[in-house]
Amino acid sequence: MDLRWTVDDLKTWTSALLRERRIVAPVVTPAGPVWAPVRDAGEVAWDYGRTAVSPREWLLPRHETLFAYDLAANPPQLVEAPLDAPPTVLLLVHPCDVAGVRALDAVMRWDYVDEPFEARRAGTLLVALGCATAPSPESCFCAAAGVDPAWAPKADVMISPVEGGYTVCALTAAGEASLEGAPKPLTAAPADAGRPAPGKAGTLALDVAAAAAALRGRFDDPVWESLSDACVGCGTCAYVCPSCHCFDVVDEGDWRRGERVRNWDACAFDHFTAHASGHNPRPRQSLRYRQRIYHKFVYYPEKFGHLLCTGCGRCVDACPAGMDLVEVLQVFEAAPAGQGGAR
Ligand code: SF4
Ligand code: SF4
(Lines give C-alpha, C1' and ligand atoms only; values in the text may rest on other atoms or scores of the structure.)
(Ligands and ions follow the chains in the order given, each with its own letter.)
Protein backbone atom coordinates (compact mmCIF):
# COMPACT_ATOMS: atom_id res chain seq x y z
CA MET A 1 0.00 0.00 0.00
CA ASP A 2 1.33 3.45 -0.92
CA LEU A 3 1.69 5.44 2.32
CA ARG A 4 2.68 8.66 0.56
CA TRP A 5 0.40 11.64 0.87
CA THR A 6 0.18 14.24 -1.86
CA VAL A 7 -0.36 17.96 -1.29
CA ASP A 8 -3.98 17.35 -2.30
CA ASP A 9 -4.27 14.80 0.52
CA LEU A 10 -2.85 17.35 2.95
CA LYS A 11 -5.35 19.91 1.67
CA THR A 12 -8.25 17.49 2.16
CA TRP A 13 -7.18 16.87 5.76
CA THR A 14 -6.64 20.59 6.36
CA SER A 15 -10.11 21.39 5.00
CA ALA A 16 -11.61 18.92 7.49
CA LEU A 17 -9.64 20.50 10.36
CA LEU A 18 -10.79 23.96 9.30
CA ARG A 19 -14.38 23.05 10.11
CA GLU A 20 -13.51 22.81 13.81
CA ARG A 21 -10.40 24.89 14.40
CA ARG A 22 -8.58 28.02 13.41
CA ILE A 23 -5.58 27.11 11.32
CA VAL A 24 -2.46 29.27 11.45
CA ALA A 25 -0.04 28.39 8.69
CA PRO A 26 2.67 29.92 6.54
CA VAL A 27 1.15 32.05 3.78
CA VAL A 28 2.93 33.82 0.96
CA THR A 29 3.20 37.63 1.07
CA PRO A 30 5.31 40.03 -1.02
CA ALA A 31 7.67 40.20 1.97
CA GLY A 32 8.03 36.41 2.12
CA PRO A 33 6.11 33.73 4.03
CA VAL A 34 4.47 34.76 7.31
CA TRP A 35 2.33 32.94 9.88
CA ALA A 36 -1.33 33.86 9.49
CA PRO A 37 -4.81 32.35 9.89
CA VAL A 38 -6.10 30.76 6.68
CA ARG A 39 -9.70 30.38 5.55
CA ASP A 40 -8.94 27.83 2.86
CA ALA A 41 -6.35 25.07 2.46
CA GLY A 42 -5.40 26.69 -0.83
CA GLU A 43 -3.89 29.64 1.05
CA VAL A 44 -1.27 27.47 2.78
CA ALA A 45 2.30 27.75 1.48
CA TRP A 46 3.07 24.01 1.58
CA ASP A 47 6.70 24.45 0.52
CA TYR A 48 7.54 27.67 2.34
CA GLY A 49 11.19 27.36 3.32
CA ARG A 50 11.44 29.41 6.52
CA THR A 51 9.51 32.42 7.81
CA ALA A 52 11.53 35.47 8.87
CA VAL A 53 9.68 35.55 12.21
CA SER A 54 8.88 32.41 14.20
CA PRO A 55 5.28 31.34 15.02
CA ARG A 56 5.86 32.12 18.72
CA GLU A 57 3.41 35.04 18.75
CA TRP A 58 0.48 32.65 18.28
CA LEU A 59 1.20 31.28 21.75
CA LEU A 60 2.76 34.36 23.37
CA PRO A 61 1.47 37.48 21.58
CA ARG A 62 3.68 40.53 21.11
CA HIS A 63 1.10 42.64 22.88
CA GLU A 64 -1.59 41.37 25.22
CA THR A 65 -4.04 43.16 27.49
CA LEU A 66 -4.31 41.42 30.87
CA PHE A 67 -7.05 43.58 32.41
CA ALA A 68 -8.54 47.06 32.38
CA TYR A 69 -8.73 49.19 35.53
CA ASP A 70 -10.83 52.13 36.57
CA LEU A 71 -9.74 53.32 40.00
CA ALA A 72 -11.86 56.47 39.76
CA ALA A 73 -15.04 54.38 39.76
CA ASN A 74 -16.80 53.70 43.04
CA PRO A 75 -16.11 50.93 43.81
CA PRO A 76 -12.86 50.67 41.77
CA GLN A 77 -13.19 48.33 38.78
CA LEU A 78 -10.88 45.62 37.44
CA VAL A 79 -12.12 43.95 34.27
CA GLU A 80 -10.25 40.91 32.98
CA ALA A 81 -9.51 41.04 29.26
CA PRO A 82 -11.33 38.42 27.18
CA LEU A 83 -8.96 35.58 26.36
CA ASP A 84 -8.30 35.07 22.69
CA ALA A 85 -7.58 31.32 22.64
CA PRO A 86 -9.71 29.53 20.04
CA PRO A 87 -8.86 25.89 19.24
CA THR A 88 -5.96 26.28 16.82
CA VAL A 89 -3.77 24.22 14.56
CA LEU A 90 -0.24 25.51 14.03
CA LEU A 91 0.33 23.88 10.67
CA LEU A 92 3.70 23.04 9.05
CA VAL A 93 5.93 24.08 11.95
CA HIS A 94 9.54 23.08 11.28
CA PRO A 95 11.32 21.09 14.02
CA CYS A 96 13.38 24.12 15.11
CA ASP A 97 10.17 26.02 15.83
CA VAL A 98 8.58 23.04 17.59
CA ALA A 99 11.71 23.03 19.77
CA GLY A 100 11.01 26.73 20.36
CA VAL A 101 7.58 25.80 21.72
CA ARG A 102 9.27 23.30 24.04
CA ALA A 103 11.44 26.15 25.36
CA LEU A 104 8.34 28.31 25.96
CA ASP A 105 6.55 25.40 27.66
CA ALA A 106 9.41 24.95 30.12
CA VAL A 107 9.29 28.57 31.24
CA MET A 108 5.59 29.38 31.05
CA ARG A 109 4.60 26.14 32.81
CA TRP A 110 7.45 26.24 35.33
CA ASP A 111 7.08 27.66 38.85
CA TYR A 112 3.93 29.52 37.83
CA VAL A 113 1.59 28.37 35.07
CA ASP A 114 0.91 31.42 32.92
CA GLU A 115 -2.84 31.26 32.36
CA PRO A 116 -3.18 33.04 29.01
CA PHE A 117 -0.25 31.05 27.59
CA GLU A 118 -1.63 27.81 29.00
CA ALA A 119 -5.07 28.40 27.50
CA ARG A 120 -3.59 28.97 24.05
CA ARG A 121 -1.05 26.14 24.36
CA ALA A 122 -3.58 23.57 25.59
CA GLY A 123 -5.86 24.41 22.68
CA THR A 124 -3.15 24.22 20.03
CA LEU A 125 -2.43 21.21 17.86
CA LEU A 126 1.17 21.29 16.66
CA VAL A 127 1.59 19.86 13.17
CA ALA A 128 5.25 19.66 12.22
CA LEU A 129 6.85 19.58 8.79
CA GLY A 130 10.33 18.06 8.62
CA CYS A 131 13.06 19.69 6.56
CA ALA A 132 14.50 17.54 3.77
CA THR A 133 17.12 20.26 3.22
CA ALA A 134 18.05 23.33 5.24
CA PRO A 135 15.79 26.25 4.23
CA SER A 136 18.74 28.62 4.78
CA PRO A 137 22.00 26.66 4.41
CA GLU A 138 24.07 29.75 5.34
CA SER A 139 22.46 30.09 8.76
CA CYS A 140 20.50 26.95 9.78
CA PHE A 141 22.37 25.04 12.48
CA CYS A 142 19.53 23.15 14.19
CA ALA A 143 21.27 19.75 14.14
CA ALA A 144 24.29 21.25 15.90
CA ALA A 145 21.92 22.70 18.50
CA GLY A 146 20.45 19.26 19.19
CA VAL A 147 17.34 19.56 17.02
CA ASP A 148 16.71 16.95 14.33
CA PRO A 149 15.60 18.82 11.20
CA ALA A 150 13.66 15.74 10.11
CA TRP A 151 11.82 15.06 13.34
CA ALA A 152 9.87 17.01 15.98
CA PRO A 153 9.18 14.79 19.02
CA LYS A 154 7.08 17.47 20.76
CA ALA A 155 4.64 17.80 17.85
CA ASP A 156 1.21 16.19 17.74
CA VAL A 157 1.47 15.25 14.07
CA MET A 158 4.65 14.82 12.03
CA ILE A 159 4.62 15.38 8.28
CA SER A 160 7.81 14.17 6.63
CA PRO A 161 8.76 14.97 3.05
CA VAL A 162 9.74 11.79 1.18
CA GLU A 163 10.42 10.99 -2.45
CA GLY A 164 7.19 11.69 -4.33
CA GLY A 165 5.18 13.12 -1.42
CA TYR A 166 4.90 13.04 2.35
CA THR A 167 4.42 10.54 5.14
CA VAL A 168 2.20 11.49 8.07
CA CYS A 169 2.56 10.17 11.58
CA ALA A 170 0.56 10.84 14.78
CA LEU A 171 2.77 11.43 17.84
CA THR A 172 0.08 12.14 20.46
CA ALA A 173 -3.51 11.12 21.15
CA ALA A 174 -4.65 14.60 20.05
CA GLY A 175 -2.74 14.17 16.83
CA GLU A 176 -4.28 10.76 16.28
CA ALA A 177 -7.78 12.16 16.86
CA SER A 178 -7.16 14.93 14.34
CA LEU A 179 -6.31 12.30 11.73
CA GLU A 180 -9.48 10.24 12.07
CA GLY A 181 -10.91 9.80 8.60
CA ALA A 182 -7.62 10.89 7.04
CA PRO A 183 -7.45 10.51 3.26
CA LYS A 184 -4.36 8.24 3.38
CA PRO A 185 -2.83 5.74 5.84
CA LEU A 186 -0.49 6.91 8.58
CA THR A 187 3.06 5.68 9.16
CA ALA A 188 4.75 4.63 12.40
CA ALA A 189 7.53 6.69 13.98
CA PRO A 190 10.97 5.41 12.89
CA ALA A 191 13.03 3.86 15.68
CA ASP A 192 15.98 6.21 15.19
CA ALA A 193 13.93 9.44 15.02
CA GLY A 194 15.13 12.48 16.92
CA ARG A 195 18.82 11.70 16.95
CA PRO A 196 20.40 14.59 15.08
CA ALA A 197 23.86 14.62 13.58
CA PRO A 198 25.66 17.94 12.92
CA GLY A 199 25.45 18.84 9.27
CA LYS A 200 22.26 16.87 8.77
CA ALA A 201 20.08 18.05 5.87
CA GLY A 202 22.71 20.61 4.92
CA THR A 203 22.66 22.48 8.21
CA LEU A 204 25.86 24.11 9.45
CA ALA A 205 28.21 21.79 11.33
CA LEU A 206 29.63 23.29 14.47
CA ASP A 207 30.19 22.03 17.98
CA VAL A 208 27.62 24.02 19.96
CA ALA A 209 28.15 21.82 23.03
CA ALA A 210 31.88 22.62 23.03
CA ALA A 211 31.16 26.33 22.58
CA ALA A 212 28.62 26.28 25.41
CA ALA A 213 31.08 24.50 27.69
CA ALA A 214 33.81 27.01 26.80
CA LEU A 215 31.54 29.94 27.65
CA ARG A 216 31.76 29.00 31.29
CA GLY A 217 35.33 30.23 31.43
CA ARG A 218 34.87 33.36 29.34
CA PHE A 219 32.47 35.55 31.33
CA ASP A 220 35.03 38.29 32.04
CA ASP A 221 36.87 37.92 28.76
CA PRO A 222 37.52 41.25 27.00
CA VAL A 223 36.55 39.50 23.75
CA TRP A 224 32.90 40.42 24.51
CA GLU A 225 33.67 44.05 23.68
CA SER A 226 34.81 43.20 20.16
CA LEU A 227 32.22 40.45 19.65
CA SER A 228 29.38 42.86 20.38
CA ASP A 229 30.92 45.90 18.73
CA ALA A 230 28.42 46.05 15.86
CA CYS A 231 25.30 45.42 17.94
CA VAL A 232 22.98 48.42 17.92
CA GLY A 233 20.58 47.00 20.50
CA CYS A 234 17.60 46.87 18.15
CA GLY A 235 16.16 43.64 19.62
CA THR A 236 15.48 42.11 16.19
CA CYS A 237 17.29 38.92 17.16
CA ALA A 238 14.87 38.39 20.05
CA TYR A 239 11.77 39.31 18.07
CA VAL A 240 12.41 36.77 15.29
CA CYS A 241 13.46 34.01 17.70
CA PRO A 242 11.25 30.98 18.42
CA SER A 243 12.61 30.51 21.94
CA CYS A 244 13.00 34.06 23.33
CA HIS A 245 10.19 34.80 25.73
CA CYS A 246 11.02 37.92 27.78
CA PHE A 247 8.17 40.35 28.28
CA ASP A 248 7.43 43.49 30.24
CA VAL A 249 4.20 44.25 32.10
CA VAL A 250 3.18 47.91 32.13
CA ASP A 251 0.13 50.03 32.78
CA GLU A 252 -1.01 51.99 29.77
CA GLY A 253 -3.19 54.88 30.90
CA ASP A 254 -2.94 56.95 34.05
CA TRP A 255 -3.46 56.26 37.72
CA ARG A 256 -7.23 56.53 37.27
CA ARG A 257 -7.98 54.29 34.35
CA GLY A 258 -6.18 52.29 31.72
CA GLU A 259 -5.01 48.80 30.86
CA ARG A 260 -2.34 46.52 32.24
CA VAL A 261 -0.59 44.96 29.26
CA ARG A 262 2.37 42.78 28.56
CA ASN A 263 4.64 43.36 25.62
CA TRP A 264 7.59 41.44 24.28
CA ASP A 265 10.89 42.76 25.60
CA ALA A 266 14.50 42.06 24.63
CA CYS A 267 17.70 41.85 26.65
CA ALA A 268 19.44 43.84 23.91
CA PHE A 269 17.39 46.95 24.74
CA ASP A 270 19.38 49.47 26.78
CA HIS A 271 16.56 49.93 29.32
CA PHE A 272 15.87 46.19 29.75
CA THR A 273 17.50 46.08 33.19
CA ALA A 274 17.22 49.79 34.02
CA HIS A 275 16.12 50.30 37.64
CA ALA A 276 13.66 52.97 38.76
CA SER A 277 16.60 54.62 40.54
CA GLY A 278 18.28 55.18 37.19
CA HIS A 279 20.96 52.54 37.86
CA ASN A 280 21.46 50.02 35.10
CA PRO A 281 23.49 46.89 35.96
CA ARG A 282 24.08 46.29 32.23
CA PRO A 283 25.08 49.75 31.07
CA ARG A 284 27.03 48.65 27.97
CA GLN A 285 25.87 46.77 24.88
CA SER A 286 28.65 44.23 25.36
CA LEU A 287 27.14 43.25 28.73
CA ARG A 288 23.68 42.97 27.19
CA TYR A 289 24.90 40.87 24.28
CA ARG A 290 26.89 38.64 26.64
CA GLN A 291 23.70 38.12 28.69
CA ARG A 292 21.83 36.97 25.58
CA ILE A 293 24.48 34.37 24.83
CA TYR A 294 24.81 33.19 28.43
CA HIS A 295 21.06 32.92 28.88
CA LYS A 296 20.72 30.76 25.78
CA PHE A 297 23.76 28.55 26.20
CA VAL A 298 24.51 28.46 29.95
CA TYR A 299 21.79 29.67 32.35
CA TYR A 300 18.68 28.23 30.70
CA PRO A 301 20.30 24.81 29.96
CA GLU A 302 21.39 24.59 33.60
CA LYS A 303 17.77 25.00 34.68
CA PHE A 304 15.87 23.11 32.00
CA GLY A 305 18.37 20.69 30.48
CA HIS A 306 18.33 21.94 26.90
CA LEU A 307 19.53 24.98 24.98
CA LEU A 308 17.46 28.12 24.63
CA CYS A 309 18.51 28.20 20.98
CA THR A 310 17.06 25.87 18.39
CA GLY A 311 19.55 26.76 15.67
CA CYS A 312 16.88 28.19 13.39
CA GLY A 313 19.37 30.77 12.13
CA ARG A 314 16.82 33.59 11.91
CA CYS A 315 18.82 36.00 14.06
CA VAL A 316 21.82 35.48 11.79
CA ASP A 317 19.83 36.47 8.71
CA ALA A 318 17.81 39.25 10.35
CA CYS A 319 20.43 41.24 12.25
CA PRO A 320 20.74 44.67 10.59
CA ALA A 321 24.28 44.98 11.90
CA GLY A 322 25.51 41.65 10.54
CA MET A 323 26.01 40.08 13.97
CA ASP A 324 26.37 36.35 13.35
CA LEU A 325 25.58 33.99 16.22
CA VAL A 326 27.28 31.11 14.42
CA GLU A 327 30.53 33.07 14.18
CA VAL A 328 30.29 33.99 17.85
CA LEU A 329 29.85 30.34 18.80
CA GLN A 330 32.77 29.41 16.55
CA VAL A 331 35.01 31.80 18.52
CA PHE A 332 34.38 29.77 21.68
CA GLU A 333 34.35 26.43 19.90
CA ALA A 334 37.83 27.16 18.53
CA ALA A 335 39.43 28.74 21.61
CA PRO A 336 37.87 27.38 24.78
CA ALA A 337 40.64 28.53 27.15
CA GLY A 338 39.75 31.72 28.99
CA GLN A 339 39.38 33.45 32.26
CA GLY A 340 36.69 34.24 34.83
CA GLY A 341 33.62 32.10 35.39
CA ALA A 342 29.97 31.86 34.42
CA ARG A 343 27.60 34.02 36.48
S1 SF4 B 1 19.57 41.98 15.87
FE2 SF4 B 1 21.79 42.37 15.83
S3 SF4 B 1 22.02 44.58 16.24
FE4 SF4 B 1 19.91 44.02 16.83
S5 SF4 B 1 20.10 43.55 19.05
FE6 SF4 B 1 20.33 41.58 17.97
S7 SF4 B 1 22.58 41.35 17.70
FE8 SF4 B 1 22.19 43.52 18.23
S1 SF4 C 1 19.06 32.54 19.01
FE2 SF4 C 1 18.95 32.83 16.77
S3 SF4 C 1 19.41 30.78 15.93
FE4 SF4 C 1 18.91 30.49 18.11
S5 SF4 C 1 16.70 30.01 18.12
FE6 SF4 C 1 16.89 32.26 18.43
S7 SF4 C 1 16.76 33.16 16.35
FE8 SF4 C 1 17.14 30.94 16.12
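Predicted model, so just to flag it, every value in this text is computed and none were measured. (Residues numbered from 1 in each chain as written. Chains lettered and ligands numbered in written order. Predicted model: local features only at pLDDT ≥ 70, side-chain atom pairs only at ≥ 80, totals over all residues. Heavy atoms only, no water.)

Right, let's get into the overall build of the protein chain. On a plain count of helices and strands, the protein chain comes out with 10 helices and 10 strands. What you see for the protein chain is a C-alpha radius of gyration of 22 Å, in line with the 20 Å of a compact globule of 343 residues. Expressed as lengths along the three principal axes of its C-alpha atoms, the size of the protein chain is roughly 70 × 65 × 40 Å. In the protein chain, which comprises 343 residues, the proportion classed as buried is 48%. Summarising the internal contacts of the protein chain: among those between residues at least 6 apart in sequence, 71% fall at separations of at least 24. In the form shown here, the protein chain has an accessible surface area of approximately 16000 Å², with 54% of it arising from carbon and sulfur atoms. Separation of charge centres in the protein chain, based on 32 positive and 42 negative side chains, amounts to 2 Å. (Helix = DSSP H or I, 4+ residues; strand = E, 2+ residues; numbered from the N terminus. Rg over C-alpha atoms; globule rule 2.2 N^0.38 Å. Buried < 20%, exposed > 50% of the residue type's maximum accessible area, 1.4 Å probe, protein only. Contact = heavy atoms within 4.5 Å. Areas by Shrake-Rupley, 256 points an atom, 1.4 Å probe, with all protein chains shown as cover. Lys, Arg positive; Asp, Glu negative; His and termini not counted. Charge placed at Lys NZ, Arg CZ, Asp CG, Glu CD.)

Let us now look at the site of ligand 2. Near ligand 2 there are 13 residues, and of these Cys-241, Cys-309, Cys-312, Gly-313 and Cys-315 occur at the shortest range. Of the residues in the shell around ligand 2, the class split is 7 nonpolar, 4 polar and 2 charged. (Near = heavy atom within 4 Å. Nonpolar A, V, L, I, M, F, W, Y, C, P; charged D, E, K, R; others polar.)

A separate point is the pattern of salt bridges. Summed over all chains, the structure comprises 16 salt bridges. Between Glu-57 and Arg-62 there is a salt bridge, with the nearest N and O atoms lying 3.4 Å from each other. Looking at Glu-57, the relative accessible area reads 26%, which means it is partly exposed. On the basis of relative accessibility, which here comes to 36%, the residue Arg-62 falls in the partly exposed class. (Salt bridge = Lys/Arg side-chain N within 4 Å of Asp/Glu carboxyl O.)

This paragraph deals with helix H3 (residues 115-122). Of the positions making up H3, those classed as buried are Pro-116, Phe-117, Arg-120 and Arg-121. Buried residues along H3 cover an arc of 125° about the axis, so they all sit on one side. Opposite the buried face of H3, at more than 90 degrees from it, the exposed residues are Glu-115 and Ala-122. Residues of H3 that are buried make contact with strand S3 (63-70), helix H2 (95-108), strand S6 (124-129) and strand S10 (257-264). (Arc of directions from axis to C-beta.)

Attention now moves to the sheet that holds strand S1 (residues 22-27). The 6 strands lie next to each other as S2-S1-S5-S6-S7-S8, forming an open sheet whose pairing is mixed. Two strands lie at the open edges of the sheet, namely strand S2 (34-38) and strand S8 (165-170), each paired on one side alone. Ignoring strand direction, the axes of neighbouring strands in this sheet form an average angle of 25°. For strand S5 (residues 88-93) and S6, the ladder comprises 5 bridges, and the chain directions are parallel. Bridge assignment links Leu-91 to a residue of S6, and that residue is Val-127. In the packing of H2 onto the sheet, contacts are made with S2, S5 and S6, and the angle to S6 comes to roughly 150°. (Pairing = 2+ DSSP bridges. Axes fitted to C-alpha atoms, helices over the stretch in contact; angles between N-to-C directions.)

Right, let's get into the site of ligand 1. Around ligand 1 sit Cys-231, Val-232, Gly-233, Cys-234, Gly-235, Thr-236, Cys-237, Ala-268, Cys-319, Pro-320, Ala-321 and Met-323, and those are all the residues in its vicinity. Its residues assigned to classes, the shell around ligand 1 comprises 9 nonpolar, 3 polar and no charged.

The next point concerns the sheet that holds strand S9 (residues 247-253). Within the open sheet, the 4 strands sit side by side as S4-S3-S10-S9. Their pairing is antiparallel. A single partner strand is all that each edge strand has here, and the edge strands are strand S4 (77-80) and S9. Pairs of neighbouring strands in the sheet enclose a mean axial angle of 20°, with direction left out of account. One ladder, built from 4 bridges, connects S3 with S4; its direction is antiparallel. Bridging from a neighbouring strand, Ala-68 pairs with Val-79 of S4.

Mapped onto the elements of the fold, Ala-201 is located in the loop between helix H4 (173-178) and helix H5 (208-215). When the C-alpha positions of Ala-201 and Pro-135 are compared, they lie 9.4 Å apart, and in sequence the two are 66 residues distant.

Here we take up helix H10 (residues 325-334). Listing the buried residues of H10 in full gives Leu-325, Val-326, Val-328, Leu-329 and Phe-332. Along the axis of H10, the buried positions cluster into a sector of 160°, meaning they face one direction only. Check the buried side of H10 and you find it contacts H5, helix H6 (223-227), helix H8 (285-304) and helix H9 (314-318).

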